[in-house]
Amino acid sequence: QVQLVESGGGLVQPGGSLRLSCAASGISFSICAMGWYRQVPGNQRKLVATIGVGGNTNYAASVKGRFTISRDNAKKMVYLQMNSLKPEDTAVYYCNADGRRYGWSNYWGQGTQVTVSA
């Protein structure tokens, strides 16, 4: 059974930092593109950052220069380092594993809340 478990969310003041982690199990992690998405109530889930099998990264314009995505294939972990957080970064953050290129499916974690507020 595929599981993606996020952790590291919480309440932080504007300008602060958080590091999200996602632990994957039951999946061939090294062949999956991994990503972080976020969603606020009433809105669609939106891409924050992705990291490919080869380590290539892609970021939403709104987070470029502030957020960094990374992965550890040996530990089956993906991380999102978030710096200089803004109130508009407040959302539920979801971990994604996309293995469709190699015959797997697209998987989601349960989400972790990030709130940026003074």
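Residues numbered from 1 in each chain as written. Predicted model: local features only at pLDDT ≥ 70, side-chain atom pairs only at ≥ 80, totals over all residues. Heavy atoms only, no water.

(A) Summary view of the packing of aromatic side chains. One pass over the full model with this rule turns up one aromatic pair. Here the aromatic rings of Y37 and W108 are separated by 5.0 Å at their centres, their planes lie at 70 degrees, and the arrangement is edge-to-face. Here Y37 is found in strand β4 (residues 33-39), whereas its partner W108 is found in strand β10 (residues 106-108), with 71 residues between them in sequence. Residue Y37 is classed as buried on the basis of its relative accessible area of 19%. The ring of W108 has R45 sitting right over it, with the charged end atom 4.6 Å from the ring centre. (Phe/Tyr/Trp six-rings, centres within 6.5 Å; stacked < 30°, edge-to-face > 60°. Helix = DSSP H or I, 4+ residues; strand = E, 2+ residues; numbered from the N terminus. Buried < 20%, exposed > 50% of the residue type's maximum accessible area, 1.4 Å probe, protein only. Lys NZ or Arg CZ within 6 Å of the ring centre and 35° of its normal.)

(B) The nonpolar core, seen in detail. Counting residues in each nonpolar core, the largest one holds 30 residues, and the members touching the most others are M34, W36, L80, M82 and Y93. Every element with two or more residues in this core is listed here: β3 (18-25), β4, β5 (46-51), β7 (67-72), β8 (77-82), β9 (91-98) and β11 (112-116). (Core = buried A, V, L, I, M, F, W, Y, C linked by side-chain atoms within 4.5 Å.)

(C) The arrangement of the state of the cysteines in detail. Enumeration according to the criterion identifies one disulfide in this entry. Here C22 pairs with C95 through a disulfide, and the sulfurs are 2.1 Å apart. Handedness of the C22-C95 disulfide follows from its S-S torsion of about -80 degrees: it is left-handed. Placement of the pair is C22 in strand β3 and C95 in strand β9, with a sequence separation of 73 residues. Sulfur of C32: no disulfide; nearest cysteine sulfur belongs to C95 and is 10 Å away. C32 gets classed as buried once you look at its relative accessible area, which sits at 1%. (Disulfide = S-S within 2.5 Å.)

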